[in-house]
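The chain contents come next:
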Amino acid sequence: LRRSFSSPECVFTSATTESLDPEQAGNAALISAIATKRGLPPRATTIALATALQESKLRNIRFGDRDSLGLFQQRPSQGWGTDAQILDPAYATNKFLDALVKIDRWQTRDITTVAQAVQRSAYPEAYRQHEQKARSIASALTGQSQQATTCKLDVPKEISSAAALGVDLTNQLGVTATTDGNTVRFTAGAEALQWQLAHWAVARADIYGVTSVSVGTATWTRSDGDDALQWRTGSTANPGVTITLGPAQG
């Protein structure tokens, strides 16, 4: 059984090549999925990711300035919700997007200006340093770029059921997949949606114990080596997206 001698990482390749650890990647995929489920354009994902990169480094942290919590460092005392609600990444993302879409001309104004209008940070220009990274990650996670999300990971120690993954997929991205044993399949939807789903599964592979993801003729296979940082092309086309989980080892 191989063991990794390098740190697990997820790589997003679009206009630039960006790297996150598996925890950060899983949160980024959740944010992107929820924005898409709400019918928002990729720019919403970019703004949300730039904000979360600055506020929490894309981690669901239980501390912050004064009573700030979670991915976006939202404050219960400022009406964002209870501690428990803010520490639910899906709730926190929806609350951020609720505020974002109320900002005048958020679709076209400077990203940093819009993020600051939502957050009202003491450091209004801090979001700017994360814009390019957020754009590239958003391009991958929204399916605008194909074969753009890969992760090298240790073998899964625990796996979710296919049914549990399917429930999260519906709750986060708003699509319904079929489950059969340790596989989840999705055959409907536009090509960009299929790639978003595939990239979501790769970025959250460490959460569920995903071992492979196939879309069209391309397949990502979990490994702790650099071979996992690419999609391999086969001769047979997969009808849609297939996600395979487990088995757990270690």
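Everything numeric here is computed off the predicted structure, so don't read it as measured data.

Q: Sorry, what's going on with unusual backbone geometry here?
A: One can expect most non-glycine residues to show negative phi and most peptide bonds to be in trans. A cis amide bond, omega 0°, links glycine 246 with the succeeding residue proline 247. Looking at where proline 247 falls in the secondary structure, it is placed in the segment after strand 7 (232–245). Even without a glycine there, the phi angle at lysine 57 is positive, about 60°. Relative to the helices and strands, lysine 57 resides in the loop between helix 2 (42–56) and helix 3 (83–86).

Q: Mind showing me how you'd approach the nonpolar core here?
A: Buried together is how nonpolar side chains tend to be arranged in soluble globular proteins. Counting 73 residues, the largest nonpolar core has Ile31, Leu100, Val210, Val213, Trp220, Trp231 and Ile243 as the members making the most contacts within it. With 8 residues, the single largest contributor to this core is helix 1 (residues 22–37). Leaving out residues up to four positions away in the same chain, valine 210 has contacts with Leu165, Ala201, Ala205, Trp220, Arg222, Ile243, Thr244 and Leu245.

Q: Please clarify how the state of the cysteines should be interpreted in this entry.
A: Counting across every chain of the model gives 1 disulfide. Linked covalently through their sulfurs, cysteine 10 and cysteine 151 form a disulfide whose S-S length is 2.0 Å. Between cysteine 10 and cysteine 151 the sulfur-sulfur dihedral comes to about 105°; the bridge is accordingly right-handed. Remark: cysteine 151 occurs in strand 3 (residues 149–152) and cysteine 10 occurs in strand 1 (residues 9–13); sequence separation between them is 141 residues. Note on accessibility: cysteine 10 and cysteine 151 belong to one class, buried.

Calculation criteria
- Residues numbered from 1 in each chain as written.
- Predicted model: local features only at pLDDT ≥ 70, side-chain atom pairs only at ≥ 80, totals over all residues.
- Heavy atoms only, no water.
- Helix = DSSP H or I, 4+ residues; strand = E, 2+ residues; numbered from the N terminus.
- Core = buried A, V, L, I, M, F, W, Y, C linked by side-chain atoms within 4.5 Å.
- Buried < 20%, exposed > 50% of the residue type's maximum accessible area, 1.4 Å probe, protein only.
- Contact = heavy atoms within 4.5 Å.
- Disulfide = S-S within 2.5 Å.

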